[in-house]
Amino acid sequence: MVDEVLADTRRAMRKSVEAFRYETATVRTGRANMALLDAIRVEYYGAQVPINQVANMGVPEPRLITIQPWDKRVIPAIEKAILASNLGLVPSNDGSIIRLPIPQLTEERREELVRVVRQMAEEGRVSIRNVRRDANDLLKEAQKDGEVPEDDAKRGQEQVQKLTDAFVGEVDEILEEKEKEIMEV
């Protein structure tokens, strides 16, 4: 019982960390990164689809993303979706390729992005602590019902706390890397 709870806890905490990692990848850092476009959906034949399902994307230069749609009729929809995304990117096209120049970030914008990433990190930590609370509740309930001896439940709670500390540490490491990446000029 305790091992099952720990395995489920580890899995749920890992998902929280991966969700945070994915979220931070969508934050613009002044460098071209195709992950910036992951959340953008394009209207294509009546359906909302990710850009990478209607076009080839590339990063030919450190400050440029290119998007080459398979169907040239979708270019206006891609441009519209990028403009509506609030990424602060202005697409330009030559009729077959969309170019997204990545502008240099101002110091003020960098600080704002750091605040956004810190908020994301706090949400990640809260998610991990919620998983910890749920695991501890399960262990206490199992102890109360007589399924698990008291010392096993206590040991399980200690292990849950160690997992929590490890995964919160991972979130902090990702945050530190992203802050450094954002603040680099």
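Only a predicted model underlies this, so the values are computations on that prediction, with no experimental measurement involved.

Student: Just checking my understanding: could you explain the overall build of the protein chain for this structure?
Tutor: A tally of regular secondary structure across the protein chain gives four helices and six strands. Traced from its N-terminal end to its C-terminal end, the protein chain shows the element sequence α-β-β-β-β-α-β-β-α-α. Taking the principal axes of its C-alpha atoms as reference, the protein chain extends roughly 70 × 40 × 25 Å. Put simply, the protein chain has 185 residues, and 40% of those count as buried. Expressed as a percentage of contacts within the protein chain between residues at least 6 apart in sequence, the contacts between residues at least 24 apart total 66%. Carbon together with sulfur atoms contributes 49% to the accessible area of the protein chain, which is approximately 10,700 Å² in total. The protein chain carries 28 positive and 35 negative side-chain charges, and their two centres are separated by 4 Å.

Student: Explain the pairing of strand 4 (residues 64-69) to me, please; I cannot follow it from the model alone.
Tutor: Residues in a regular strand point their side chains to alternate faces of the sheet. Most of strand 4 is tucked away, with five of its six residues classed as buried. Here strand 3 (residues 55-61) pairs with strand 4 via five bridges, running antiparallel. Across the sheet, residue N56 finds its bridge partner in strand 4, namely Q68. Here strand 3 folds back onto strand 4 in antiparallel fashion, the turn holding two residues. Relative to strand 6 (residues 98-101), strand 4 runs antiparallel, the two sharing four bridges. Considered in strand 6, the bridge of L64 is made with P101.

Student: Mind showing me how you'd approach the packing of helix 1 (residues 2-25) against helix 4 (residues 150-183) here?
Tutor: Each pair of packed helices can be summarised by the angle the axes make with each other and by the distance between the axes. Contact geometry of helix 1 with helix 4 gives a least axis separation of 10 Å together with a crossing angle of 10°. In this view, helix 1 runs roughly parallel relative to helix 4, as classed from their interaxial angle. Across from V2, L6, T9, R10, M13, R14, V17, F20, R21, T24 and A25 in helix 1, the residues of helix 4 making contact are D152, G156, Q159, V160, L163, T164, F167, E170, V171, I174, L175 and K178. Across the contact of helix 1 with helix 4, the residue classes break down as 12 nonpolar, five polar and six charged.

Student: Please explain the sheet that holds strand 5 (residues 92-93) as it appears in this structure.
Tutor: Read across the sheet, four strands follow the order 3-4-6-5 without closing on themselves; strand pairing throughout is antiparallel. Two strands in the sheet have a free side with no partner beyond their single neighbour: strand 3 and strand 5. Pairing of strand 5 with strand 6, which is carried by two bridges, proceeds in the antiparallel orientation. Across the sheet, the residue bridging to S92 is R99, located in strand 6.

Student: Explanation requested: helix 1 in the structure shown.
Tutor: Owing to its 3.6 residues per turn, the α-helix aligns residues three or four sequence positions apart on the same side. Here helix 1 contains 24 residues, and its C-alpha end-to-end distance of 35 Å stays within 8% of the 34 Å for a straight helix at 1.5 Å per residue. Looking at the buried side of helix 1, the elements it contacts are helix 3 (107-144) and helix 4.

Student: How do you make sense of the nonpolar core when you look at a structure like this?
Tutor: Across soluble globular proteins, you tend to see nonpolar side chains buried next to one another. F20 and I128 are the most contacted members of the largest nonpolar core, which has 28 residues in total. Mapped onto this core, the elements with two or more residues apiece are helix 1, helix 3 and helix 4. If you tally residues by element for this core, the top one is helix 3, at 10 residues. Counting 21 residues, the second-largest nonpolar core is a separate cluster that includes L37, I65, V74 and I98.

Rules used throughout
- Residues numbered from 1 in each chain as written.
- Predicted model: local features only at pLDDT ≥ 70, side-chain atom pairs only at ≥ 80, totals over all residues.
- Heavy atoms only, no water.
- Helix = DSSP H or I, 4+ residues; strand = E, 2+ residues; numbered from the N terminus.
- Buried < 20%, exposed > 50% of the residue type's maximum accessible area, 1.4 Å probe, protein only.
- Contact = heavy atoms within 4.5 Å.
- Areas by Shrake-Rupley, 256 points an atom, 1.4 Å probe, with all protein chains shown as cover.
- Lys, Arg positive; Asp, Glu negative; His and termini not counted.
- Charge placed at Lys NZ, Arg CZ, Asp CG, Glu CD.
- Pairing = 2+ DSSP bridges.
- Axes fitted to C-alpha atoms, helices over the stretch in contact; angles between N-to-C directions.
- Parallel < 35°, antiparallel > 145°, perpendicular 65-115°, else oblique.
- Nonpolar A, V, L, I, M, F, W, Y, C, P; charged D, E, K, R; others polar.
- Expected span 1.5 Å × (residues − 1).
- Core = buried A, V, L, I, M, F, W, Y, C linked by side-chain atoms within 4.5 Å.

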